[in-house]
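Single-letter residue listing:
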Amino acid sequence: MTDHTPVDQTAPSIARVYDYLLGGQDNYAVDREVGDYFKNDLPGSVAIAFANRQALVRAVGEMTRLGITQFLDMGSGLPTADNVHQIAQRLIPDARVVYVDNDPIVLAHGRALLADHETTVVIQADLRDAEDIRNDPDVVRLIDFDQPVGIIFSATLHHLNDDEKPGEVVRYWSERIQPGSLVYISHFRSGHNEETQAAEQKLQSTFGRGRWRSEDEILDLFGDLDILEPRLVPCTLWRPTAPETPPEAEDVPRIGGPAPGLSVWEQLIACAMARKP
């Protein structure tokens with residue numbers, strides 16, 4: 001993949017819209033127009049972005065506590081506070097991280113941020129091009145697939161339509177990682193309500209893609225991996241205090257009905273982590 005793909009300021013970018021919703025500055029008017037739809041026409045929906053980001057922070061912390069020292073972040077988005085390498089390297093200073101994104105502005109900002117880092121890089125690639133990612137020189141240099149790896153799909157797989165086979169994307173990596181490796185997925189979860197329908201339609205009309213999936217469909221993405229407690233829950237409820245040991249199953253409400261105390265939007269982004277046995 002070339003490093004010099006021009007930035008198209010006339011078409012919205014998923015990464016830049018997400019950056020805008022999180023309060024970032026690396027976006028254009030076309031991105032803010034989409035973001036303002038969620039802010040103004042679907043009030044409260046921005047909670048999805050924040051709940052997802054906070055769960056990612058906890059997930060990376062859990063991965064490091066479980067012994068993971070190298071990470072592939074698929075569809076990483078623009079740098080923000082508490083990036084994967086910052087979280088991991090607070091606990092493991094020499095942790096290795098490869099960020100993957102297909103947006104050229106992510107590549108530009110990421111490389112500027114990581115100019116002095118020897119153990120963290122960003123590459124420009126599409127998560128559907130798994131072989132290209134696996135064979136990228138920086139991935140070959142930093143990721144040892146003979147050792148456990150943390151694979152992260154944070155709010156990315158719901159941007160793949162069914163005919164793009166997101167389950168096969170996950171399976172490609174799960175077949176190539178060692179036992180003890182961890183896979184984390186967060187995903188838009190169908191709420192069977194007007195909010196879900198409006199948000200999904202906006203994604204489809206803007207980007208030509210976007211698929212909100214049921215809890216069973218999200219769980220199916222993990223294939224034969226062993227899903228850890230608390231299994232699939234709204235992101236806000238996934239190990240909310242980042243405990244050293246997994247909570248008991250009955251401690252956390254399961255998806256499938258209303259979650260007490262959560263807004264309708266917080267219930268529409270769910271996550272889980274699984275281990276390769």
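See the structure above.
This brings us to the overall build of the protein chain. The helix and strand inventory of the protein chain stands at 10 helices and eight strands. Here the protein chain, with 277 residues, has 53% of them falling under the buried criterion. Across the protein chain, every contact between residues at least 6 apart in sequence was considered, and the portion connecting residues at least 24 apart equals 72%. Of the accessible surface of the protein chain, which amounts to about 12,200 Å², a share of 48% is contributed by carbon and sulfur atoms.

Another aspect to go through is the packing of helix H1 (residues 14-21) against helix H2 (residues 29-41). Where H1 contacts H2, the two axes come as close as 9 Å, and the packing angle between them is 55 degrees. Considered as vectors, H1 and H2 are oriented oblique to each other. Every pair of crossing elements has a handedness; the one defined by H1 and H2 is right-handed. Counted together, Arg 16, Val 17, Tyr 20 and Leu 21 of H1 and Val 30, Asp 31, Arg 32, Val 34, Gly 35, Asp 36, Phe 38 and Lys 39 of H2 form the full contact between these two elements. Of the residues that constitute the contact of H1 with H2, the class distribution is six nonpolar, one polar and five charged.

Among the seven residues that make up strand E5 (residues 182-188), seven are buried, leaving the element largely enclosed by the rest of the structure. Residues Leu 182, Tyr 184, Ser 186 and Phe 188 point to one face of E5 and Val 183, Ile 185 and His 187 to the other, with burial holding for every one of them. For the handedness criterion, the β-α-β arrangement of strand E4 (residues 150-154), helix H8 (residues 166-174) and E5 is classed as right-handed.

The next subject is the layout of surface pockets. Of the voids in this model, the largest pocket is the one considered here, and its volume is about 1,000 Å³. Among the secondary structure elements, those contributing two or more residues to the lining of the largest pocket are H1, H2, helix H3 (47-65), strand E2 (96-101) and helix H9 (194-207). The residue makeup of the lining of the largest pocket, split by class, is 26 nonpolar, 14 polar and 10 charged. Its boundaries defined by the atoms lining it, the second largest pocket holds a volume of some 190 Å³. Classifying every residue of the lining of the second largest pocket gives five nonpolar, three polar and five charged.

The subject of this paragraph is unusual backbone geometry. Only a minority of non-glycine residues have a phi that is not negative, and only a minority of peptide bonds are not trans. In the segment running from Glu 229 into Pro 230, the intervening peptide bond is cis, with an omega of 5 degrees. Looking at where Pro 230 falls in the secondary structure, it is placed in the loop between strand E6 (226-227) and strand E7 (233-234). One non-glycine residue, Lys 165, lies in positive phi territory at about 55 degrees. With respect to the helices, strands and loops of the structure, Lys 165 is situated in the loop between E4 and H8. Even without being glycine, Arg 239 reaches a positive phi, approximately 40 degrees.

Calculation notes
Residues numbered from 1 in each chain as written. Predicted model: local features only at pLDDT ≥ 70, side-chain atom pairs only at ≥ 80, totals over all residues. Heavy atoms only, no water. Helix = DSSP H or I, 4+ residues; strand = E, 2+ residues; numbered from the N terminus. Buried < 20%, exposed > 50% of the residue type's maximum accessible area, 1.4 Å probe, protein only. Contact = heavy atoms within 4.5 Å. Areas by Shrake-Rupley, 256 points an atom, 1.4 Å probe, with all protein chains shown as cover. Axes fitted to C-alpha atoms, helices over the stretch in contact; angles between N-to-C directions. Parallel < 35°, antiparallel > 145°, perpendicular 65-115°, else oblique. Left-handed = near helix turned anticlockwise from the far one by under 90°. Nonpolar A, V, L, I, M, F, W, Y, C, P; charged D, E, K, R; others polar. Right-handed = clockwise from strand over helix to strand, strands pointing away. 1 Å grid on protein atoms, 1.4 Å probe; cavity = no way out; pocket = protein on both sides within 12 Å on 5 of 7 lines; lining within 4 Å. Points joined across faces, edges and corners; volume = space filled by probe spheres on them.

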